[in-house]
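# Examining the three-dimensional arrangement
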Amino acid sequence: MPDNNNHYLGLVTHEYADKPKFNAMLSALLDKVVPINDCYLSYDIIFNINNAVGDQLDKIGEIIGLGRNLPLENEQIPSTLDDDLYRRVLKSRIYFNHWDGTIDGLKYILEQLFPGLAYDIVDAQDMSYSVYIINPEITDVETQLILEGYIIPKPSGVRVTYEVLDSPLFGWDSDAGFVRGWDQGNWSSN
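Summary of the structure given here. These numbers were taken from a predicted model, which means no experiment stands behind them. (Residues numbered from 1 in each chain as written. Predicted model: local features only at pLDDT ≥ 70, side-chain atom pairs only at ≥ 80, totals over all residues. Heavy atoms only, no water.)

## Topic: the packing of helix α5 (residues 83-98) against helix α7 (residues 140-147)
Two elements in contact, α5 and α7, have axes separated by 12 Å at closest approach and are oriented at 25°. Between α5 and α7, the interaxial angle falls into the category roughly parallel. The interaxial crossing formed by α5 with α7 has right-handed handedness. Taken together, the residues of α7 that come into contact with α5 (itself represented by Leu85, Arg88 and Val89) are Val141, Glu142 and Leu145. (Axes fitted to C-alpha atoms, helices over the stretch in contact; angles between N-to-C directions. Helix = DSSP H or I, 4+ residues; strand = E, 2+ residues; numbered from the N terminus. Parallel < 35°, antiparallel > 145°, perpendicular 65-115°, else oblique. Left-handed = near helix turned anticlockwise from the far one by under 90°. Contact = heavy atoms within 4.5 Å.)

## So, the layout of surface pockets
Taken as a whole, the largest pocket encloses approximately 160 Å³ of empty space. Taken together, Asp84, Leu85, Arg87, Arg88, Lys91, Gln112, Leu113, Pro115, Thr139 and Glu142 make up the lining of the largest pocket. In terms of residues, the lining of the largest pocket owes the most to one element, α5, which gives five residues. Taken together, the residues of the lining of the largest pocket sort by class into three nonpolar, two polar and five charged. (1 Å grid on protein atoms, 1.4 Å probe; cavity = no way out; pocket = protein on both sides within 12 Å on 5 of 7 lines; lining within 4 Å. Points joined across faces, edges and corners; volume = space filled by probe spheres on them. Nonpolar A, V, L, I, M, F, W, Y, C, P; charged D, E, K, R; others polar.)

## Quick notes on the nonpolar core
Counting residues in each nonpolar core, the largest one holds 34 residues, and the members touching the most others are Val131, Leu145 and Ile152. Elements represented by at least two residues in this core include exactly α4 (55-64), α5, α6 (103-113), β1 (118-123), β2 (128-134), α7 and β3 (159-165). Excluding residues that lie within four positions of it along the chain, Ile152 makes contacts with Phe96, Leu106, Leu110, Val131, Ile133, Ile146 and Tyr162. Counting five residues, the second-largest nonpolar core is a separate cluster that includes Leu9, Val12, Leu26 and Leu30. (Core = buried A, V, L, I, M, F, W, Y, C linked by side-chain atoms within 4.5 Å. Buried < 20%, exposed > 50% of the residue type's maximum accessible area, 1.4 Å probe, protein only.)

In structure tokens form, the structure reads like this:
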């Protein structure tokens, strides 16, 4: 049995750890699966969504169930997304599908989709929450995709309000990403 299997066999609960047939079956399965995983991890040239283009992104979209042409009547969003926007929407959908519905999970998704983003999530404790995003570099199309629900996930039955700001709000004696002092903060989000 390969050494890599020992790690997984060590995870077997005590009820089954001393069962020879179970361990033999698990070892046989691991003998098939672990080399595939090792092969996958050993190559630097791994296909992933970050370097997929054109038809590759379209194939990923077919698997995910989200085409390049979104069913929207929003005139600010192009009828066919370019590769960069489509990649962002696909990545978002993948994160949606793995999201556990928690605020911490939402924070993780925001940090993956927009590294270094200043944001705040306010839970109103009435089955609604607001997401405030401060990023002067978000394009109008990305803002509209956020507002239409294609970039940030929304749990079923929960009301979500999104607000994308181009600068931080004003706060006394504060210099955080979302709230800044005199020189950089705005008095209102409008």
